[in-house]
Amino acid sequence: MATKEELLKAKIPCAETGIEIRHSLCDICSPTSHCGVNCYVKDGVIIKVEGDENHPLNQGLLCTKGASNRQYVYREDRIKTPLKRTGPRGSGQYEPITWDEALDTIAKKLQGYKAQYGAQSVFFFGGYTKWFRPILQRLAYSFGTPNYGTESSSCFTSGLMAWKVAAATPSRPDMKNSRLFLGWAHNPYYTGYLSARSTENLKKKGVKFIIVDTMYTQTAEKIADLFLQPRPGTDGALALAIANELIENGWVDHDFISKYVHGFEEYAAYCRGFNRTNVEALTGVPYEKVQQAARMIHDYGHPMSIKESSAPLAHHINGMQNYRAIMSLAIITGNYDVKGGQIPVEFTYTHQASGYHTLEHEFVKEARVFNMPAPVGAQRFPLWNELEHEAQAMDLSRQILEGTPYPLKALVCFGINNRMFPDSKRMLKALETVDFYVDMDLFMTDCAKYADIVLPACTSFEREEFKSYPGGWAYYTKPVIQPLYESRPDADVMCELARRMDLDDTLLKSGYRACLEYILSPISLSVQTLQDADTPLRVPEFKPHEPLATLRRGLKTPTGKLELKSELIAGHPEWGLDALPTYREPLDNIDPAEYPMTLTSGGRLPFALHSRLHDVPWLRTLRPKACVELNPEDAQALGILEQDTVEISTPLGSITAAALLSRHIQKGLVSLYHGYREADISSLISADRLDPYSGFPACRSNRCRVSKKG
Ligand SMILES: Nc1nc2c(c(=O)[nH]1)N[C@H]1C(S)=C(S)[C@@H](COP(=O)(O)OP(=O)(O)OC[C@H]3O[C@@H](n4cnc5c(=O)[nH]c(N)nc54)[C@H](O)[C@@H]3O)O[C@H]1N2
Ligand SMILES: Nc1nc2c(c(=O)[nH]1)N[C@H]1C(S)=C(S)[C@@H](COP(=O)(O)OP(=O)(O)OC[C@H]3O[C@@H](n4cnc5c(=O)[nH]c(N)nc54)[C@H](O)[C@@H]3O)O[C@H]1N2
Ligand SMILES: [Mo]
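Note on numbering: residues in each chain are counted from 1, in written sequence order. Chains and ligands are labelled sequentially in the order written, the chains with letters from A and the ligands with numbers from 1. pLDDT decides what is reported in this predicted model: residues at 70 or higher carry local features, side-chain atom pairs at 80 or more are listed and counted, and totals for whole chains, interfaces and linings draw on all residues regardless. Water and hydrogen atoms play no part in the side-chain values, which are based on all heavy atoms of the structure.

1. With respect to the packing of aromatic side chains
Heads up, the condition is: For this analysis, a ring pair means two rings from Phe, Tyr or Trp (six-membered ring only for Trp) whose centres lie within 6.5 Å, classed as stacked if their planes differ by under 30 degrees, edge-to-face if by over 60, and tilted for the remaining angles. By definition, being over a ring means that NZ of Lys or CZ of Arg is both within 6 Å of the ring centre and within 35 degrees of the ring normal.
Within this structure, the stated rule accounts for 19 aromatic pairs. Of the aromatic side chains, those joined through ring pairs into one cluster are Trp-131, Phe-132, Phe-414, Tyr-476 and Tyr-512. Across the ring face of Trp-473, the terminal group of Arg-538 is positioned such that the distance to the ring centre comes to 5.6 Å.

See the structure below:
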């Protein structure tokens, strides 16, 4: 028999130890995951976390990030109370205030700006955390401002827009039923460990894989039947060349095209410009590889699905057009709305397509005021505005600093991080300049130190929240511990602000749970039933995909068909955008003589998530220093050895990092992860080199210079 001490040491949950297992989810990472977690709780403290074996998504698994949750939740720099700034912006000098004082001050200030400058002068921003988004958007609209914007101004929306242009609705790859999978910028070993597992299983079942990546990755090594390695941001040219091969060989689905596709002839004529004479020069990929890719699509691509990456393809000045060119490969081969192909989806909740309908969209839309001025970024990015109806936050710092087309006076942010914006110093300048700035965060970040009022947020373990998962799953969590210190759930603060400003919005003022009851009213499971279950439940209203049903009904595009040539764009010549998925060089107008190398930033690391985990000790030990990856031949030419301190410069300035030499990176390319306090790569990326279609920044293709320091 084990003694009590032994049981405690082994963290055994039982009556004797007083340790209990409680269920929650990990929201550190991408919302497509949010793995189920078993928290071992003793005396109100989490003493251990494990993957929840009964959770339908992760089935007991957890990645390094998830396993570090205990250190994340109990980080020393958690904000403990609401704070009021007492020193200059950025100094970090604050005094604690009560929640009442904080909320009343914010409510009064915002009402004041609305009265004096109009509601549009107030901007509501949400960072990477997505759990509260519909609540925040409704708060902004009920307040009367169009200026609701999020981190998705630089994440995944560009890919959604590409599909919306072609099909009026987003899509997902039905990978598990494909014969061929086109993993374009796809390295799940680093960004989605669950997907790495399913990829390996499909490989064992005989599914073929084409992997297209600028780096030679684990996926390229372990999974690829064919690997193509283009220069960053040249993917559009590569896709158009593959399309041209397919068309010239008669390997496209003419029957599907004649029934469901618009603009094929013009598109095919454009593709002719990408061929054996120029593709290698444009992309770095030998033409034989283009031919092999086309051959594989012909031989195995029925059905074929394609991974839509959320960032690496989008982070170029030509990103959205490149997406369109890639996605067109599914269209011309008849791989849309078919089993194993690209499946049209409707989002259930916070960008999760779970196969059942909720009133999320109505919840947000019904509060929208229609005679509002256009949101931030609408003038510069009219296609974004047309398709997304929200602010393009990449234009936020410019508008604060320049005051055009109208002044912005107040920023209310839930997790803002300047290091995630291109030209992060300009973002900081904007935060220094704006009249009134509130930030709610878990941690006292460098960015929070500029806020007039700082509010303490709690983590997913300290709140209740709704989460939907693909396959018809719904989960409503219970808090597993009390909110630490005086922290609160973001959504509660939003609803409380609505009350204190006495907005004309009874539902919002009734609180998060009431809002969810309304949003979930189309399903037959109540919020209470979901919460009592303490585990995800299958929603009875789940509807699996019905092949070709969407195409037969007709798409909501101007022609009702899949548009290779966009009639939406063609109808707006004043936008200056191309209706076809045209290609343009990603590295423009920076002097190649002075800046001879290409800089890519933000290729993910398995043990980091943006800036969130650099301060978590277990994870930091896996890569203690910010590292810049270089090809050994480039390093040799520059006299750089492994772990040397290296200076990376662009026209915006310089940073230093430790050299990490790797043959996995192509010659001429320099790669650095983002979010490091001591090596902020975003400070070197221009905020003016934005994709005119989506407004996305060029984090993955800049010119730079590299030299050994000292
Ligand atoms: N561990 C971890 N996981 C994460 C995140 C994280 O920070 N850490 N972030 C989450 C978020 S917010 C996002 S958006 C997703 C991103 O998820 P992914 O899109 O999967 O992530 P990346 O690692 O940025 O890019 C995938 C691959 O694209 C390649 N690539 C880069 N540029 C190009 C290019 O121009 N062309 C081509 N063909 N390939 C290119 C990179 O070398 C990399 O191997 O990951 C999510 N998951
Ligand atoms: N150079 C470069 N820049 C990039 C990218 C890149 O690849 N390269 N990728 C872009 C992409 S794809 C993305 S998604 C963005 C991510 O950019 P951000 O949204 O800025 O990402 P984070 O730093 O993870 O989160 C922002 C803040 O939210 C706080 N936070 C975490 N949980 C909560 C919560 O529950 N409530 C509140 N109120 N705050 C919380 C965190 O502590 C953090 O300070 O970065 C973009 N920027
Ligand atoms: Mo992202």
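Still to come is the rest of the account.
2. Quick look at the site of ligand 2
Inclusion rule: Residues are classed as near a molecule or strand on a simple rule: at least one heavy atom within 4 Å of it. Within 3.5 Å is the distance limit for a polar contact, defined as a pair of N or O atoms, with the added protein rule that one can donate a hydrogen and the other accept it, and that residues adjacent in sequence qualify only through two side-chain atoms. Using the Shrake-Rupley algorithm and a 1.4 Å probe, accessible areas are obtained, with residue cover drawn only from the displayed protein chains. Lys, Arg, Asp and Glu make up the charged group, whereas Ala, Val, Leu, Ile, Met, Phe, Trp, Tyr, Cys and Pro make up the nonpolar group; the residues left over, Gly among them, are polar.
The environment of ligand 2 is formed by 34 residues, the closest being Tyr-128, Asp-441, Asp-490, Ser-611 and Arg-612. For ligand 2, an oxygen atom lies 2.7 Å from a polar atom in the side chain of Ser-611. In the complex, the protein chains occlude 98% of the 910 Å² of accessible area that ligand 2 would expose alone. Per-class residue counts for the shell around ligand 2 are 14 nonpolar, 13 polar and seven charged.

3. Remarks on helix H14 (residues 287-300)
To keep things clear, this is the line we draw: Segments assigned H or I by DSSP are reported as helices when at least four residues long, segments assigned E as strands when at least two residues long, and all are numbered from the N terminus. Expected helix span is given by 1.5 Å per residue-to-residue step, counting one fewer step than there are residues. Each residue is assigned to one of three classes by its accessible area relative to the maximum for its type, calculated with a 1.4 Å probe on protein chains only: buried under 20%, partly exposed between the two thresholds, exposed over 50%. Residue contacts are defined here by distance: any two heavy atoms, one from each residue, within 4.5 Å place the two residues in contact.
Compared with an ideal rise of 1.5 Å per residue, which puts 14 residues at 20 Å, H14 spans 20 Å between its outermost C-alpha atoms and is within 8% of the ideal. By the burial criterion, the buried members of H14 are Tyr-287, Val-290, Ala-293, Ala-294, Met-296 and Ile-297. Those residues of H14 that are buried are in contact with strand S9 (180-184), strand S10 (208-212), strand S11 (226-228), helix H10 (235-248), helix H13 (279-283) and strand S13 (304-306).

4. Structural notes on the packing of helix H6 (residues 157-167) against helix H15 (residues 319-332)
We apply this condition: The axes are straight lines fitted to the C-alpha atoms, using for helices just the contacting stretch, and the angles between their N-to-C directions are given from 0 to 180°. Should an angle fall under 35 degrees it is taken as roughly parallel, and over 145 as roughly antiparallel, whereas 65 to 115 is taken as roughly perpendicular and any remaining angle as oblique. The sense of a crossing depends on the near helix, which, turned anticlockwise from the far helix by less than a right angle, makes the crossing left-handed and, turned clockwise, makes it right-handed.
The N-to-C vectors of H6 and H15 enclose an angle of 55°; their axes lie 9 Å apart at closest approach. Taken as axis vectors, H6 and H15 run oblique relative to one another. You can see that H6 and H15 cross each other, and the crossing is right-handed. For the pair formed by H6 and H15, the contact residues are Ser-158, Gly-159, Met-161, Ala-162, Trp-163, Val-165 and Ala-166 on the first element and Gly-319, Met-320, Tyr-323, Arg-324, Met-327 and Ile-331 on the second. Split by residue class, the contact of H6 with H15 holds nine nonpolar, three polar and one charged.

5. A closer look at the pattern of salt bridges
Quick reminder of the rule: Whenever Lys or Arg places a side-chain nitrogen within 4 Å of a carboxyl oxygen from Asp or Glu, that contact is recorded as a salt bridge.
For the structure on display, the rule yields 45 salt bridges. Note that Asp-299 is salt-bridged to Arg-295, the shortest N-O span being 3.4 Å. With Asp-299 and Arg-295 both in helix H14 and four residues apart, this pair spans about one turn of that helix. A cluster of three or more residues bridged by salt bridges with shared partners is formed by Arg-75, Asp-77, Arg-419, Asp-446, Lys-449, Asp-615 and Arg-677.

6. Some details on the site of ligand 1
Applied cut-off: In this entry, domain limits derive from an automatic or database-based domain assignment.
Asp-213, Asp-235, Arg-604, Ala-608 and Tyr-673 are the nearest of the 33 residues found near ligand 1. Here His-316 contributes a side-chain N or O atom positioned 2.9 Å from an oxygen atom of ligand 1. For ligand 1, an oxygen atom lies 2.8 Å from a polar atom in the side chain of Tyr-673. Surface burial for ligand 1 is 96%, taken as the share of its 910 Å² of free accessible area covered by protein chains. Classifying every residue of the shell around ligand 1 by side-chain character gives 16 nonpolar, 12 polar and five charged. In terms of domain composition, the shell around ligand 1 takes at least three residues from each of domain 3 (171-344) and domain 4 (597-708).

7. A few points about the pairing of strand S2 (residues 36-42)
In plain terms, the rule: For two strands to pair, DSSP has to find at least two bridges joining them.
Within S2, six of the seven residues are buried, which leaves the element mostly enclosed by the surrounding structure. Hairpin connection from S2 to strand S3 (residues 45-51): two residues lie between these consecutive antiparallel strands, with Asp-43 at a positive phi of about 50°.

8. Some remarks on the domain arrangement of the protein
The cut-off we apply is this: The term buried area means the drop in 1.4 Å probe accessible area that two parts suffer when joined, counted for both and summed.
Assigned domains of the protein: these are domain 1 (4-73), domain 2 (83-150 + 349-535), domain 3 (171-344) and domain 4 (597-708). Relative to domain 4, the C-alpha centre of domain 2 lies at a distance of 30 Å. Contact with domain 4 buries surface across domain 2, with Tyr-128, Arg-419 and Pro-422 losing the most and accounting together for 30% of the total. Summed over the shared surface of domain 2 and domain 4, the result is two salt bridges.

9. Some remarks on empty space enclosed by the protein
To be explicit about the condition: A pocket, in this scheme, is an open set of points on a 1 Å grid over the protein atoms alone with protein on both sides within 12 Å along at least 5 of 7 lines, while a cavity is a set where a 1.4 Å probe fits but cannot get out; residues line either one if an atom lies within 4 Å of a point. Grid points are joined across faces, edges and corners, and a volume is the space filled by probe spheres set on the points.
Enumeration according to the criterion identifies seven cavities of 30 Å³ or more in this entry. Taken as a whole, the largest cavity encloses approximately 100 Å³ of empty space. Contributing to the lining of the largest cavity are Cys-26, Cys-29, Ser-33, His-34, Cys-35, Leu-62, Cys-63, Lys-65, Gly-66, Thr-191, Gly-192 and Tyr-193. For the lining of the largest cavity, the residue count by class is six nonpolar, five polar and one charged. Formed jointly, the lining of the largest cavity draws a minimum of three residues from each of two domains, domain 1 (4-73) and domain 3 (171-344).

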